[in-house]
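This is what each chain is made of:
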Amino acid sequence: MKKKGIAFLFGAVIIFAVLLAFSLNSPGTVDPEIYKPSVYSSIFSLLPPVIAILLALITKEVYSSLFVGIVSGALLYANGNMELMLNTMMFNEEGGMVYKLADSWNVGILIFLVVLGIMVALMNKVGGSAAFGIWASEHIKSRVGTQIATVLLGVMIFVDDYFNCLTVGSVMRPVTDRQKISRAKLAYLIDATAAPVCIIAPVSSWAAAVTSSVPDDSGINGFSMFLKTIPYNFYALTTLVMMLTMIIMKFEYGPMKVHEKNAVEKNDLFTTEARPYGNADQEMKTPFGKVIDLVFPVIVLIVCCIFGMVYTGGFFSGESFIKAFADADASIGLVIGSFITLIITFCFYMVRGVLTFKEFTECIPEGFKAMVAPILILTMAWTLSGMTGLLGAKFYVHDIVAASAGGIQMFLPAIIFLVAVFLAFSTGTSWGTFAILIPIVCNVFSDKGSYEMLVISISACLAGAVCGDHCSPISDTTIMASAGAHSDHVNHVSTQLPYALTAAGVSAVGYLIAGIVGYSTESSAALISLPITLVLLIITLLVIKNLFVKNRD
């Protein structure tokens, strides 16, 4: 461990020295009114997240890796000015950590996290989690059944990915522990039924994000376009099919195989020594705990969060339910819903006589402490994304896509998919990728006359954004999945990556086929490309199982 720390420090010093030398030799513009760093809108604008991601995967330590990425971005932005670098890291209005924490949307997500942590602490305190675990162990007899139940619950909670990750994790964690399913596998099941489900669910916060990303002057109905993209969202659909296929076929590959083997044979759910949630998983054994003590708060939470979201979208002011969802503010809606649920849950437990006021107040700091790890990672991930924005990364990506538009149009969906994967992976944000690429795609096809190609290309953008988000260690959804499963974050990323890349490779081929078919005819290319893509996925999984997975049970 000591040698590892010295190697990390040595590597960080080398990175800083190279970046400092590079920025000092390229002073850039110094006028504060028109200030731009020397690497603005260049390939170097993507360097900070790449550094952070590589360090996280190599060192297995996410906090210092993110911090190195942030400092690297601030150093590149400051052009060698150390005072400007420190001010940029902390106080820049568009990317500094202080301003990211002051952002009302971000604060809302953090409050939602804390309230969910308190809810979990309450359910553990009264014995609801333990009672549900016992009930599930009596009714769900196999590892396959437990994993399918986890997937089904994830599919049912399609309103919001943050809400999905934390709720599914809280409910299913005691059950998967009893069936000796590793925390890394649970995190994958949660992550694979969060964003991929939300991006094909018409009533979700993601549908609202996509709808709002379509330019107002494009003449395109954003919600109608979203509905048309669903059968073309190959990554989301292949991820869901892949997950169920592997559960039924009972095989794993890559690092996940090691985690699952240790869970089954050694009863080691973590494989590594990292335990980021300490004793938060300990279930309180109480004779008063019943299944209803967990089920009732979860149902109330779902109802109240839906209520909160449509409330922020103007449903109670006369807007339709769908329109209210499209205009909803997920951050405010989730905070409202979770607070109402917390109050109702407290009253419910008091009436049942299983909780005192003192025990309730004790759960508040416990819930907060359980969420310290994801809060720290989210804060630094947001700041790193801000640094990338200050360096003009989105304009660099814009130029890449615009240049590609002049090429062969039938290959454009596959190109857009790959660009979206790279952008979301580098920045850690799906929604930011939507906001950057969807207007570009709309402009590219505004004069081309092919509506089918427009639909396919926007679908490719959405699918690529979800894929990059899945793969990225700095993605908030990936962080939430780790938090929901109480899994070490780097373990989750490293075990999920081979699965995500498999689905991505198959999806890229699917978009090549869809582009060729869509370019050749105005009829729905999904009728041809989607079945071919899913068949190709099954064949790929069979090949992996038979050629690369050895020592199977």
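Below is a short write-up of the structure. Since the structure is predicted, the reported quantities are computational estimates derived from the model, not experimental observations. (Residues numbered from 1 in each chain as written. Predicted model: local features only at pLDDT ≥ 70, side-chain atom pairs only at ≥ 80, totals over all residues. Heavy atoms only, no water.)

### Looking at the overall build of the chain
Counting secondary structure elements, the chain contains 27 helices and zero strands. Out of the 553 residues belonging to the chain, those deemed buried represent 57%. In the chain, of all internal contacts separated by at least 6 residues, the share reaching a separation of at least 24 is 80%. Of the accessible surface of the chain, which amounts to about 22300 Å², a share of 68% is contributed by carbon and sulfur atoms. (Helix = DSSP H or I, 4+ residues; strand = E, 2+ residues; numbered from the N terminus. Buried < 20%, exposed > 50% of the residue type's maximum accessible area, 1.4 Å probe, protein only. Contact = heavy atoms within 4.5 Å. Areas by Shrake-Rupley, 256 points an atom, 1.4 Å probe, with all protein chains shown as cover.)

### Some points on the side chain of histidine 259
Relative to the helices and strands, histidine 259 resides in helix 15 (residues 255-266). Polar side-chain contacts of histidine 259 include one of 3.4 Å to the side chain of threonine 271. Once residues within four sequence positions are removed from consideration, histidine 259 is found in contact with Ser182, Ala184, Asp268, Phe270, Thr271, Asn491 and Thr495. (Polar contact = N/O pair within 3.5 Å; in protein donor to acceptor, adjacent residues only side chain to side chain.)

### Topic: the environment of leucine 342
On the secondary structure map, leucine 342 appears in helix 18 (residues 330-352). The class for leucine 342 is buried, based on a relative accessible area of 9%. Spatially, the C-alpha atom of leucine 342 lies 9.3 Å from that of leucine 122, the residues being 220 residues apart in sequence.

### Comments concerning the packing of aromatic side chains
This structure, assessed with the given rule, holds 16 aromatic pairs. Between the aromatic rings of phenylalanine 346 and phenylalanine 357, the centroid separation amounts to 6.1 Å while the plane-to-plane angle is 75°, which identifies the pairing as edge-to-face. A residue pair is termed long-range when its members are at least 10 positions apart, and phenylalanine 346 in helix 18 and phenylalanine 357 in helix 19 (residues 357-370) qualify at 11 residues. A residue is classified by how much of its surface remains accessible, and phenylalanine 346, at 17% relative accessible area, is buried. Feature note: the residues Phe307, Tyr311, Phe315, Phe316 and Phe321 constitute an aromatic cluster, connected by ring pairs. (Phe/Tyr/Trp six-rings, centres within 6.5 Å; stacked < 30°, edge-to-face > 60°.)

### As for the packing of helix 6 (residues 104-125) against helix 9 (residues 161-178)
Helix-helix packing is characterised by the crossing angle of the two axes and by the distance between the axes. Running from amino to carboxyl end, helix 6 crosses helix 9 at an angle of 10°, the nearest separation of the two axes being 11 Å. Here helix 6 lies roughly parallel to helix 9, going by the angle between them. Classified by chirality, the crossing of helix 9 by helix 6 is right-handed. For the pair helix 6 and helix 9, the contacting residues are Trp105, Ile109, Phe112, Leu113, Leu116 and Val120 in the first and Tyr162, Phe163, Leu166, Thr167, Ser170 and Arg173 in the second. Looking at the contact of helix 6 with helix 9 residue by residue, the class counts come to nine nonpolar, two polar and one charged. (Axes fitted to C-alpha atoms, helices over the stretch in contact; angles between N-to-C directions. Parallel < 35°, antiparallel > 145°, perpendicular 65-115°, else oblique. Left-handed = near helix turned anticlockwise from the far one by under 90°. Nonpolar A, V, L, I, M, F, W, Y, C, P; charged D, E, K, R; others polar.)

### Focus: the environment of threonine 502
Relative to the helices and strands, threonine 502 resides in helix 26 (residues 489-520). Separated by 38 residues in sequence, threonine 502 and threonine 540 place their C-alpha atoms 8.3 Å apart. What threonine 502 contacts, discounting residues up to four positions off in sequence, is Met242, Tyr253, Thr540 and Ile544. Only 2.8 Å separates the side chain of threonine 502 from the backbone oxygen of proline 498, close enough to count as a polar contact.

### Here we look at the pattern of salt bridges
Scanning the model with the defined rule gives six salt bridges in all. Measuring nitrogen to oxygen at the nearest pair gives 3.8 Å for the salt bridge that ties lysine 125 to glutamate 362. With lysine 125 in helix 6 and glutamate 362 in helix 19, the pair connects residues that are 237 residues apart, well separated along the chain. The residue lysine 185 makes a salt bridge to glutamate 252 at a minimum N-O spacing of 2.6 Å. Here lysine 185, found in helix 10 (residues 183-192), pairs with glutamate 252, found in the loop between helix 14 (234-249) and helix 15; they are 67 residues apart in sequence, far enough to count as distant. (Salt bridge = Lys/Arg side-chain N within 4 Å of Asp/Glu carboxyl O.)

### Observations regarding the packing of helix 19 against helix 20 (residues 372-390)
Two elements in contact, helix 19 and helix 20, have axes whose closest approach is 4 Å; the angle formed by their N-to-C orientations is 45°. Our classification of the angle between helix 19 and helix 20 gives oblique. Residues Phe368, Lys369 and Ala370 of helix 19 pack against Val372, Pro374 and Ile375 of helix 20.

### Considering the state of the cysteines
Counted by the stated rule, this structure contains zero disulfides. The thiol of cysteine 471 is not disulfide-bonded; the next cysteine sulfur, from cysteine 467, is found 4.3 Å away. Classification of cysteine 471 as buried rests on a relative accessible area of 5%. (Disulfide = S-S within 2.5 Å.)

### Examining the side chain of threonine 388
As for its position among the elements, threonine 388 is in helix 20. Polar side-chain contacts of threonine 388 include one of 3.0 Å to the backbone oxygen of leucine 384. If near-sequence neighbours (up to four positions away) are discounted, threonine 388 is found in contact with Ser45, Leu46, Pro49, Ala393 and Thr427.

### Quick look at a nonpolar patch on the surface
Nonpolar side chains collect at one region of the surface, where Phe307, Tyr311, Phe315, Phe316, Phe321 and Ile322 lie side by side and expose about 550 Å² of accessible area between them. Going through the elements one at a time, helix 16 (292-312) and helix 17 (321-326) are the ones with two or more residues in the nonpolar patch. Structurally, phenylalanine 307 is set in helix 16. Among the residues examined, phenylalanine 307 registers a relative accessible area of 34% and is labelled partly exposed. (Patch = residues over 30% accessible without salt bridge, like charges linked within 9 Å, V, L, I, M, F, W, Y side chains within 5 Å.)

Everything listed is a geometric property; what it means functionally is a separate question.
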